[in-house]
Every structure is written in C-alpha cells, then in structure tokens.
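# Topology and contacts: notes
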Amino acid sequence: MAVKSGLVLEGGALRTIFSSGACDGLLAGGVMTDYVVGVSAGIAYGVSYVSRQQGRNLEILTRYANDRRYMGMGNLLKRDNRSYFGLEFAYRTIPNELAPFDYETFAAYPGQVEAVVTNLESGRAEYYPVPRDDKDFVLLQATCAMPLMFPPFEINGHPCMDGGAADAIPFRRAFEQGCDRAVVILTHTRGYRRKTEKLQRLIDRYYRQYPNFCRTMRERAESYNRDREELFRLEREGKVLIIAPESTRGVSRIERNVEKLRMLWGDGFQQATARMEEIRAFLAD
C-alpha cells in the first residue's frame, strides 16, 4: 500500500515567508505531497505550492509589503474592510490581476487541500476543503482572520476566524485524514514557547458574545506548547519530519523590511533543499 504523505503548515502572517521558502525548496526538488493542510497564512501561501508557482509568495511580499493597499491601519478603519489587510487588494486584485494564481494547476491537484478555521460559537477548530474555483478566496480570508485585526467570516453558516486560535499546527488532522507521515513546517524556532495572550482582556470584552472563543484564546498558549511537545515526540518516533527556522531574524507578523523577508525565505529554501534526500527518503514508500 502506497504511503499517503502530508504537508502541515503553521501560520504566522508575514513570518510565514519562511514556509514559502521551504515549499519552494520542495517544488525545486520535485516533492509534492498527497495532502496539504494549513492555518492562516500557512495555507493562504501554501496554495501556491499546490499550484506549483515557485517564488510567487516571495514576489508578492517583496513587491507589496510596503503598499498601504496590502496592509496598514488605514484598511482597518475602512467600514467596508475592517481589517489591517486590504481584503479586496490582497485576495482579489493580487491573485486575479497582479500576480495571477494558477487556478487550472490548483484544480488539477489530485490530492486534498484543507484550511483550518475557528468557529466563534463553539471555540473549536473546523476543517474545510479549499475550493478549487473560488476567486474571492473566502475560506482563506477566514483562516487568516486574526482576532481584533479582521472581521469574522461566515463559513458553513457560522462565524469563523483564525484557525490558529484552536489548532495552530494541525498535524493530528493530517493523520486523521489518512496520512502515514507528514512534513510539518513551523514558523517559530524549536525553542519557542508561546506566552499568555497580552490582549486577552480586550479579546474578552470585544468577543464577549462568544464565550467559548474567549476561553479558547485564554487556553491558547498552554494548548500550543503542549501540541509542540507532542509534535517533537512524533518526530523522534519517525512519524513527522519538521522544518523550522533556526532564527526568525526578527521578522514580525506585519513585517515591512523587504530584505529581512528575503533572508527568511532564503532560510526556508536552503533548509528544504539541503535536506532534500532526507525528505524524499522520509516520504518514500
């Protein structure tokens, strides 16, 4: 029986350029997994891996990171946007006009691609197939919807936001979907430990109509750190292969320094290409 291979992508907004570099390295080495699942920018950038568009995310971020249409406080203040990121520009203008997304190749991918969202009512993670023909990328907007920086999005009749709140590294989902092994790309260093949310009081007040979501956010750090411990255990058992940055180079979630973004992308690309034989052997039948 053939091994079903998975790719798991953590989020991290613009810091996810490291994952893009690693995915580009996988493409350069001819590695395409059978299943892809991601959170937030992990999967928003990850669809370019599935569409085999090497370098596309690097081109987008280096070209538009300092474009106020892409991100900036002005977007958050617009009534028809209510997000730090310019939703129309980022999810429609760029993929459909400025840096065209290859919908045809994406649709031809024979595997499964899923994005994670957090249901505000239940506070739990939900997993949905990324539509092959949605040129508005509504699901990708929902999985990227960071609390306080995005509006909620209705998915399957329920208000949803950032998948990273409830399941930041969805490696369990990969195994539930039949993967025998998975490559997991992290956006934090191996020694990272998440701390309690500094804006929790504001979150409790702003999302008070969703008490389960508020509880999920309060427990987020503990759950995340516990998940990473399990992930590293699975690595020792040979069930996952982890690609993680040795340094995040100080890149923030809303980084505007293009050179820092290039270097972090390069770190991901270099690590994936340097470990290519290891990766191929890990994924082999």
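The structure displayed is predicted, hence computed values, not measured ones.

## Structural notes on the packing of aromatic side chains
- By the definition in use, this model includes 12 aromatic pairs.
- Ring geometry for Y84 and F85: centres 5.7 Å apart, planes at 75°, overall edge-to-face.
- Relative accessible area serves as the criterion here: at 10%, Y84 is assigned to the buried category.
- Aromatic side chains W265 and F269 sit 5.1 Å apart centroid to centroid with 15° between the ring planes, which places their arrangement in the stacked category. You can see W265 and its partner F269 sitting in helix 12 (residues 258–274), 4 residues apart, about one turn around the helix.
- Residue W265 is classed as buried on the basis of its relative accessible area of 17%.
- Taken together, the ring pairs connect Y70, Y84, F85 and F150 into an aromatic cluster.
- Here K135 stacks its cationic end above the ring of Y103, 5.0 Å away from the centre of that ring.
- The ring of F282 has R181 sitting right over it, with the charged end atom 5.7 Å from the ring centre.

## Concerning the pairing of strand 1 (residues 5–9)
- Burial analysis of strand 1 places 5 of its 5 residues in the buried class, which makes it a mostly covered element.
- By the alternation rule, side chains of strand 1 split into S5, L7 and L9 and G6 and V8, which are all buried.
- In this sheet, strand 2 (residues 35–39) lies alongside strand 1 in parallel orientation, the contact comprising 4 bridges. The partner of G6 across the bridge, within strand 2, is Y35.

## As for the nonpolar core
- With 78 residues, the main nonpolar core has Y70 and F150 as its most contacted residues.
- Broken down by element, this core gets its largest block of residues, 7 residues, from helix 2 (residues 41–50).
- By size, the runner-up hydrophobic cluster in this structure holds 20 residues, among which are F171, A174, Y224 and V240.

Thresholds, definitions, all that
- Residues numbered from 1 in each chain as written.
- Predicted model: local features only at pLDDT ≥ 70, side-chain atom pairs only at ≥ 80, totals over all residues.
- Heavy atoms only, no water.
- Phe/Tyr/Trp six-rings, centres within 6.5 Å; stacked < 30°, edge-to-face > 60°.
- Buried < 20%, exposed > 50% of the residue type's maximum accessible area, 1.4 Å probe, protein only.
- Helix = DSSP H or I, 4+ residues; strand = E, 2+ residues; numbered from the N terminus.
- Lys NZ or Arg CZ within 6 Å of the ring centre and 35° of its normal.
- Pairing = 2+ DSSP bridges.
- Core = buried A, V, L, I, M, F, W, Y, C linked by side-chain atoms within 4.5 Å.

On their own, these measurements won't tell you what the molecule is for.
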